[in-house]
Amino acid sequence: MGSTSRVPSSVYSIVWTDTGANTNVAPDTDTAISISKATSIVVQADSTHASNTATDIDINVITSVDGTNYDNVNYTGITSMGDNQIKTVSVPPGPAYLKLRLDVNSAGTTGYVTCRVFITSEG
C-alpha cells in the first residue's frame, strides 16, 4: 500500500495598484495559475497597503477548463471586503486554470490590493 504526500506550491502574489473605483480590473500582471492537479486552493486578499482607500472590495475568482475561455460569471470569490483587512477563502478545485479580478465598489476611492494564492497538490 503506497502513500501519497501533499506537495505545497509556491505562493503566487497577485497585485493591483491604483485601480480607482472600477470593476473587473485585471491585476498589474495578469497571471493564469494552473490548478489542474490541485487538491487544495486558498486565496488570501490583503487591503492593508497604506495607499488603499477602497472600503468595498470584491475579489472575483474566474476559472477555465482550457486556459483560453474564462468564466464570465465568477466561480467564487471574496465580497464586501473593507479597507485595512486581510481575508482568506478556500476555492474548490476542479477547473484547470484560475485568474483573479478586482472590483472597487466604493466611489471616490482606489484599490491597492495584494492577493496570495496557495495551492497544494498530490505528489
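Check the entry above for the structure.
Scope of this entry: the structure provided in the associated data block. (Residues numbered from 1 in each chain as written. Predicted model: local features only at pLDDT ≥ 70, side-chain atom pairs only at ≥ 80, totals over all residues. Heavy atoms only, no water.)

1. What about the overall build of the chain?
From N to C terminus, the chain includes zero helices and nine strands. Listing the helices and strands of the chain from first to last along the sequence gives β-β-β-β-β-β-β-β-β. The globule rule puts the C-alpha radius of gyration for 123 residues at 14 Å, and the 15 Å found for the chain is close to it. Across its three principal directions, the C-alpha atoms of the chain cover 60 × 30 × 20 Å. Of the contacts formed within the chain by residues at least 6 apart in sequence, a portion of 81% connects residues at least 24 apart. (Helix = DSSP H or I, 4+ residues; strand = E, 2+ residues; numbered from the N terminus. Rg over C-alpha atoms; globule rule 2.2 N^0.38 Å. Contact = heavy atoms within 4.5 Å.)

2. Side note on the environment of Val113
Within the fold, Val113 resides in strand β9 (residues 113–122). Taking relative accessible area as the criterion, Val113 reaches 1% and is therefore assigned buried. Expressed as a C-alpha distance, the spacing of Val113 and Asp30, which sit 83 residues apart in the sequence, is 14 Å. Residues in contact with Val113, not counting those within four places in the same chain, are Ile14, Val15, Trp16, Asp46, Ser47, Asn52, Ile57, Ile59 and Leu102. (Buried < 20%, exposed > 50% of the residue type's maximum accessible area, 1.4 Å probe, protein only.)

3. Some details on the environment of Asn52
You can see Asn52 is positioned in the loop between β4 (38–46) and β5 (57–64). Residues Asn52 and Thr110, 58 residues apart in the sequence, show an inter-C-alpha distance of 6.1 Å. Beyond its immediate sequence surroundings of up to four residues, Asn52 is in contact with Ser47, Ile57, Asp83, Thr110, Gly111, Tyr112 and Val113. Separated by 3.3 Å, the side chain of Asn52 and the backbone oxygen of Ala54 make a polar contact. (Polar contact = N/O pair within 3.5 Å; in protein donor to acceptor, adjacent residues only side chain to side chain.)

4. As for the pairing of strand β8 (residues 97–104)
By the criterion of burial, β8 is predominantly enclosed, with seven of the eight residues buried. As judged from the two bridges shared by strand β3 (residues 33–34) and β8, these two strands associate in the antiparallel manner. Across the sheet, Ser34 pairs through a bridge with Tyr97, a residue of β8. The sheet contact formed by β5 and β8 spans eight bridges and is antiparallel. Counted as the bridge partner of Ile62 is Lys99 from β8. (Pairing = 2+ DSSP bridges.)

Honestly, it's all geometry; don't read function into it.
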